[in-house]
Amino acid sequence: MEIILKREYFKNGTNGSIVWPGGNVLLHTIELPWCDNRHGVSCIPEGRYRLSMRYSLRRKTHLLLEGVPGRSLILIHPANNALAELKGCIAPVSTITGEGQGAESVKAFRVLLTAVQNAILDGPVFLIIKSK
């Protein structure tokens, strides 16, 4: 299965929407601005990435994007301010409040995590990242 992240790029962050198969917007996302894929300061390149479940003591259960060029441990986890809380990861949010900023990230993350967990039972899930 493929889900799509449609992005808009701004000076202070990247905002997006995750579109589920069938065209429904599931939730929104925030990321760091595009800075040539530089580690810790840039969102990742557009492309197709496999999603897998991951667990850590710090983040508990979250999602991992596999095969990101030149990067590792790119996660999907809760955050409401990309510049303050992200190092290249993607944060789902319920609403966008500014460039790279959103609200109710934990709520949006739970929605996405549940949807992906259920979809993985039927086979691999890929996230396709592209511009709006």
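Definitions and limits used
Residues numbered from 1 in each chain as written. Predicted model: local features only at pLDDT ≥ 70, side-chain atom pairs only at ≥ 80, totals over all residues. Heavy atoms only, no water. Helix = DSSP H or I, 4+ residues; strand = E, 2+ residues; numbered from the N terminus. Buried < 20%, exposed > 50% of the residue type's maximum accessible area, 1.4 Å probe, protein only. Contact = heavy atoms within 4.5 Å. Salt bridge = Lys/Arg side-chain N within 4 Å of Asp/Glu carboxyl O. Core = buried A, V, L, I, M, F, W, Y, C linked by side-chain atoms within 4.5 Å.

(A) Just the environment of I96, in detail. Assignment of secondary structure puts I96 in strand β8 (residues 95-98). For I96, a relative accessible area of 33% translates into the label partly exposed. Remark: the alpha-carbon pair of I96 and S17, spanning 79 residues in sequence, is separated by 9.6 Å. When neighbours within four sequence positions are excluded, I96 is seen to be in contact with N15, G16, H28, T29, I30, Q101 and G102.

(B) Here's a closer look at the pattern of salt bridges. The tally for this structure, following the rule as stated, stands at three salt bridges. Residues E2 and R48 are paired through a salt bridge, measuring 2.8 Å at the closest nitrogen-oxygen approach. With a gap of 46 residues between them, E2 in strand β1 (residues 2-10) and R48 in strand β4 (residues 47-56) connect regions that are remote in the sequence. Judged by relative accessible area, E2 falls into the partly exposed class, the value being 37%. The exposure class of R48 is partly exposed, given its relative accessible area of 48%. A salt bridge links E31 to R7; its shortest N-O distance comes to 2.7 Å. Taken together, the positions of E31 in strand β3 (residues 25-31) and R7 in strand β1 put the pair 24 residues apart, joining distant regions of the chain. Taking the relative accessible area as the measure of exposure, R7 reaches 2% and is therefore buried.

(C) Region of the structure containing the nonpolar core. By size, the foremost hydrophobic cluster in this structure holds 24 residues, and its most contacted members are I3, L51, L65, I76, L112, L127 and I129. Put simply, the parts of the chain that give this core at least two residues each are β1, β4, β5 (60-66), β6 (74-76), α2 (105-120) and β10 (125-131). Setting aside its immediate chain neighbours within four residues, L127 contacts I3, I4, L5, G47, R48, Y49, L51, L65, I76 and I90. The next biggest cluster of nonpolar side chains, apart from the first, holds 10 residues, and it includes L32, L75, A79 and A82.

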